[in-house]
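# Geometric and topological summary
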Amino acid sequence: MEIINIGLGIRQKNGKTNIVSLSNNNKVSESIETEISENYSKLNYQSVEPFDSTSLIDETEYYLDLNEIVEDDLLYNVSKLLGNEDLLVTAEVLKLDSSRLKNLKSNKESVRFFVIELDEEYLFLAVNSRATIKGRNFLNLSVGSKNNTVEIDYGVHIPCEITAVLEKENSRLYVMNVLGFENMLGLKYAKKEQAEEVLKSFVAGNLTIGKEKYKVSFQEYDKIHSADMVKARNINRLSSYKDGQADFEIEKIKNAVNKLQENQRVEFKDKEIIVNSENFRTFTAILHNSIVLRLISGDYNII
């Protein structure tokens, strides 16, 4: 594994993402290689299945060909951003002047992912926004050197997990971590409006769950709207829901729900399903038969 170039994906407050390249730095390359080499050696993306309608719901690894994405597709802007054959060669070199540093520290811009160029592929590593450092002093305790403090104006933790891989030869993108990929590119915001409409239809009683057509009642709706409707997993599951899709018998859905911890269970009462902020993610899970089956089989991580 030999790193040729390194870049960063920087998202602006308006949602637009740009890729910039870092000037060659052998020490940075060595640090990144140390972090990701083990995970890179375990990659087996050739066995990944093509994207289909359940890929986002079940959060399963998928691939898609960027040069086949049409203009009205949700991922069209992704194909324009990542589909450049010379992705980092043509990218602007990052210039960290006082103005840009101010933007980063004030959240007008944020580093969302690393781009690592290898000989035949690009690796994308999603950055956890909670792992960034802004204007902090740290005590440096290193073996063989005097203790000292290190001042960091803006720092980004180097991820070890590989979120996606792009083959240069055929522009085929392999997504290895679905939620990580969506977060790094802000895709959930494109689907949030549709998810909001589905939620409103449930609140109005226009949509139901189960063969017996149970309606849904929401407690703590304001809390659900502010805290739970910003999460990519909930947005994915709501935005893709179609009326009548959750058509299992209620007893089968109850069986799945009762396998969860008590605080995660929705309540079934008088042909109604009662949902609160604590169990909202269970509600979005039982909208899809494939997830109900996974719960019944004991796969609780899908919640």
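Summary of the structure given here. (Residues numbered from 1 in each chain as written. Predicted model: local features only at pLDDT ≥ 70, side-chain atom pairs only at ≥ 80, totals over all residues. Heavy atoms only, no water.)

Within soluble globular proteins, side chains that are nonpolar tend to cluster in buried spots. Counting residues in hydrophobic clusters, the biggest one holds 36 residues, and the most contacted among them are Phe202, Ile209, Phe218, Val275, Phe280 and Phe283. For this core, the elements supplying multiple residues, two or more each, are α6 (187–203), β12 (215–218), α8 (232–239), α9 (250–257), β14 (272–275), α10 (280–285) and α11 (289–296). (Core = buried A, V, L, I, M, F, W, Y, C linked by side-chain atoms within 4.5 Å. Buried < 20%, exposed > 50% of the residue type's maximum accessible area, 1.4 Å probe, protein only. Helix = DSSP H or I, 4+ residues; strand = E, 2+ residues; numbered from the N terminus.)

Next up on the list: the sheet that holds β12. Spatial strand order, β12-β14-β13: 3 strands in an open sheet with mixed pairing. Across the chains shown, the open sheet's two edge strands, defined by having one partner strand only, are β12 and β13 (267–268). Pairing between β12 and β14: 4 bridges, direction parallel. By the bridge assignment, Ser217 is partnered in β14 with Ile274. (Pairing = 2+ DSSP bridges.)

So, on to the packing of aromatic side chains. Using the criterion set out here, one finds 9 aromatic pairs in the structure. Geometrically, the ring pair formed by Phe202 and Phe283 is edge-to-face, given 5.3 Å between the ring centres and 85° between the ring planes. Here Phe202 is found in helix α6, whereas its partner Phe283 is found in helix α10, with 81 residues between them in sequence. Each member of the pair, Phe202 as well as Phe283, carries the same accessibility label: buried. Ring geometry for Phe280 against Phe283: centres 5.5 Å apart, planes inclined by 50°, an arrangement best described as tilted. In this pair, Phe280 and Phe283 are both assigned in helix α10, 3 residues apart and thus about one turn of the helix distant. Through a chain of ring-to-ring contacts, the aromatic side chains of Phe202, Phe218, Tyr221, Tyr241, Phe280 and Phe283 assemble into a single cluster. In this arrangement the basic side chain of Lys168 is found over the ring face of Tyr122, its NZ or CZ atom lying 5.2 Å from the centre. Its guanidinium or amino end placed over the ring of Phe248, Lys252 lies 4.7 Å from that ring's centre, counting from NZ or CZ. (Phe/Tyr/Trp six-rings, centres within 6.5 Å; stacked < 30°, edge-to-face > 60°. Lys NZ or Arg CZ within 6 Å of the ring centre and 35° of its normal.)

We now examine the environment of Gly7. Along the chain, Gly7 turns up in strand β1 (residues 5–12). With 49 residues separating them along the chain, Gly7 and Leu56 place their C-alpha atoms 27 Å apart. Not counting the four nearest positions on each side in its chain, Gly7 is found in contact with Val20, Ser21, Leu22, Leu88, Phe113, Phe114 and Val115. (Contact = heavy atoms within 4.5 Å.)

With that settled, consider the packing of helix α5 (residues 178–185) against α6. Axis separation between α5 and α6 bottoms out at 5 Å; the angle between their running directions is 90°. Compared by their axis directions, α5 and α6 come out roughly perpendicular. Between α5 and α6, the contacting residues are Phe181, Glu182, Asn183 and Leu185 on the first element and Leu187, Lys188 and Lys191 on the second. Classifying every residue of the contact of α5 with α6 gives 3 nonpolar, 1 polar and 3 charged. (Axes fitted to C-alpha atoms, helices over the stretch in contact; angles between N-to-C directions. Parallel < 35°, antiparallel > 145°, perpendicular 65-115°, else oblique. Nonpolar A, V, L, I, M, F, W, Y, C, P; charged D, E, K, R; others polar.)

The subject of this paragraph is the pattern of salt bridges. Throughout the structure, instances matching the rule amount to 11 salt bridges. Arg233 serves as the salt-bridge partner of Glu59, at 2.6 Å between the closest nitrogen and oxygen. Taken together, the positions of Glu59 in the loop between α2 (55–58) and β4 (62–65) and Arg233 in helix α8 put the pair 174 residues apart, joining distant regions of the chain. Bridged by salt links that share partners, the residues Glu59, Arg233 and Arg237 form one connected network. (Salt bridge = Lys/Arg side-chain N within 4 Å of Asp/Glu carboxyl O.)

Pairing is mixed across the open sheet formed by 9 strands, whose spatial order is β3-β4-β11-β10-β7-β6-β1-β2-β5. Unpaired on one side and paired on the other, β3 (49–50) and β5 (92–93) mark the two borders of the sheet. The sheet contact formed by strand β6 (residues 109–117) and strand β7 (residues 121–126) spans 5 bridges and is antiparallel. Its bridge partner being in β7, Phe114 is matched across the sheet by Leu125. Its contacts with the sheet put α5 on β1, β4, β6, β7, β10 (164–167) and β11 (172–175), and the angle it makes with β6 is roughly 125°.

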